[in-house]
Amino acid sequence: MMIVMKDGATDQEIREVVDMIHSAGGENHMSRGEFKTIIGAIGDREKISQMPFEALSGVEKVIPIMKPYKLVSRQFKPESTIVEIGEAKLGSDQFVMIAGPCAIESEEQLIDAAREAKRLGVKILRGGAFKPRTSPYSFQGMGEEGLKLLALAREETGLPVVSEVMDPRHVEMVAGYVDMLQIGARNMQNFLLLKEIGLQPKPVLLKRGLSNTIEEMMMAAEYIVREGNKSVVLCERGIRTFETATRNTLDLSAVPMAKGNCHLPMIVDPSHATGNVKIIPALTKAAMAVGADGVMIEMHPSPKTALCDGEQSLDFSTFEHLMTDLKNLAPALGRLM
Ligand code: PEP
Ligand code: MN
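Thresholds, definitions, all that
- Sequence order sets the numbering: in each chain, residues are counted from 1 along the sequence as written.
- Whichever chain is written first becomes A and whichever ligand is written first becomes 1, with later ones labelled in order.
- In keeping with the model being predicted, local features are shown solely for residues with a pLDDT of at least 70 and side-chain atom pairs are shown and tallied solely at 80 or more, while totals for entire chains, interfaces and linings include all residues.
- Computation of side-chain values covers all heavy atoms of the structure but excludes hydrogens and water.
- Strands are runs of DSSP state E lasting at least 2 residues, helices are runs of H or I lasting at least 4, and numbering of each runs from the N terminus.
- We compute the radius of gyration over the C-alpha atoms and compare it with the globule rule, which gives 2.2 Å times the number of residues raised to the power 0.38.
- Classification of residues uses two cut-offs on accessible area relative to the type maximum, computed with a 1.4 Å probe and protein chains only: under 20% is buried, over 50% is exposed, and between them is partly exposed.
- We call two residues in contact when some of their heavy atoms are within 4.5 Å.
- Note that accessible areas follow from Shrake-Rupley with a 1.4 Å probe, and for residues the cover is restricted to the protein chains shown.
- By the counting rule applied here, Lys and Arg register as positive and Asp and Glu as negative, while His and the ends of each chain are not counted.
- Think of each charge as sitting on NZ of Lys, CZ of Arg, CG of Asp or CD of Glu.
- Distances decide who is a donor: an N, O or S atom must be within 2.8 Å of the metal, or within 3.2 Å for Na, K and Ca. Water is not included, so sites may look incomplete.
- Only one rule defines a salt bridge in this text: a Lys or Arg side-chain nitrogen within 4 Å of an Asp or Glu carboxyl oxygen.

Caption draft 1: Region of interest: the overall build of the protein. Along the protein, the regular secondary structure elements total 11 helices and 14 strands. Its C-alpha atoms give the protein a radius of gyration of 21 Å, near enough to 20 Å, the size a compact globule of 337 residues would have. Buried residues in the protein amount to 55% of all 337 residues. Here the contacts in the protein between residues at least 6 apart in sequence split such that 68% fall between residues at least 24 apart. Only carbon and sulfur atoms are counted for the fraction: they give 52% of the accessible area of the protein, which is about 14,800 Å². Side-chain charges of the protein comprise 38 positive and 44 negative groups, with the mean position of each set lying 2 Å from the other.

Structure follows, in structure tokens:
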């Protein structure tokens, strides 16, 4: 439940509430705004709801949180969270472009893509070093060598970088190279990984699972935030449906649904959602229109020879056209690029 304090409640009055939460065996999560302090009480619902918070002098009202997620809910924190990474401000008016190859393949390939991304106004460079492939015989990524190249690309261009971590034992190592850690769709409910990533401070890009509901995605984010890391960005990347014309079905309704109930930023990945370069530009524009905080797009200097996801990787000229379209569209939708 949430305990809303009266305007100007004193530190002593706040302490009384916190003590009462602790005496019911619960944890408190403080949200201190300029005027209002809201204290989230989390723990055994039965016990906490029996405590007489309303009788304390500093308390204005007590509101039960109906959703199973608490810390990431807008009820708990009404204002949008902004996650800042370099020049990117995810969760603001800015429409943040994240782009780069599916997988890091070589220095030449990555630096080429990074320079083009920088030139066109991309704010964060992506590149996979640990690849979650369906087949164990497919290219699995360059591992730590790839991360070294990613760090080199950041040095060359000044762009912050994001890369996926698949193993809880790798979190510290990957965090040593990147500015943002990605949890892939297949690991959205790898709870040990979520907890591990919640214990370190780098921002997290949490991708929706292939067959997970919006609420399950929120619960996954709750795992991370609960451990202390509040910089989580959600990502809609398509879900499994009966439709086979596209790689997945892009659930654009997830964006306004999630953002209505949750204060975290949310981006769209039209590349994995569609698996088809022909429709990625249209869906990127649609993502901007439904209020996404940005997109993550796969691009490659030579999509035909890509070792991973070439069929959904934009070449430089298609990517440049898309950037021009987006820059034209942004003002009409009140977005900055
Ligand atoms: C990726 O972004 O590199 C990726 C593998 O995507 P997803 O986890 O959404 O399939
Ligand atoms: Mn990919």
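Caption draft 2: Up close: the coordination of the manganese ion (ligand 2). The protein atoms that coordinate the manganese ion (ligand 2) are Cys102 (SG), His272 (NE2), Glu298 (OE) and Asp309 (OD), at distances of 2.0 to 2.4 Å. Spacing between the donor residues of the manganese ion (ligand 2) along the chain follows C-x169-H-x25-E-x10-D. With Glu298 in strand 14 (residues 294-298) and Asp309 in the loop between strand 14 and helix 11 (316-329), this residue pair connects regions lying 11 residues apart in the sequence. This pair shows no difference in class: Glu298 is buried, exactly as Asp309 is.

Caption draft 3: Structural context of the pattern of salt bridges. Counting across every chain of the model gives 17 salt bridges. Note that Lys36 and Glu60 form a salt bridge whose closest N and O atoms lie 3.0 Å from each other. Separated by 24 residues along the polypeptide, Lys36 in the loop between strand 2 (27-32) and strand 3 (37-42) and Glu60 in strand 4 (residues 59-63) bring together distant segments of the chain. Under the relative-accessibility criterion, Lys36 is labelled partly exposed at 27%. Look at Glu60 and you get partly exposed, because its relative accessible area is 38%. Its salt-bridge partner being Asp251, residue Arg208 comes within 2.9 Å of it at the nearest N-O pair. Of this pair, Arg208 sits in the loop between strand 11 (204-207) and helix 7 (214-226) while Asp251 sits in the loop between strand 12 (232-236) and helix 8 (254-261), and the two are 43 residues apart along the sequence. By the burial criterion, Arg208 is buried, and Asp251 matches it.

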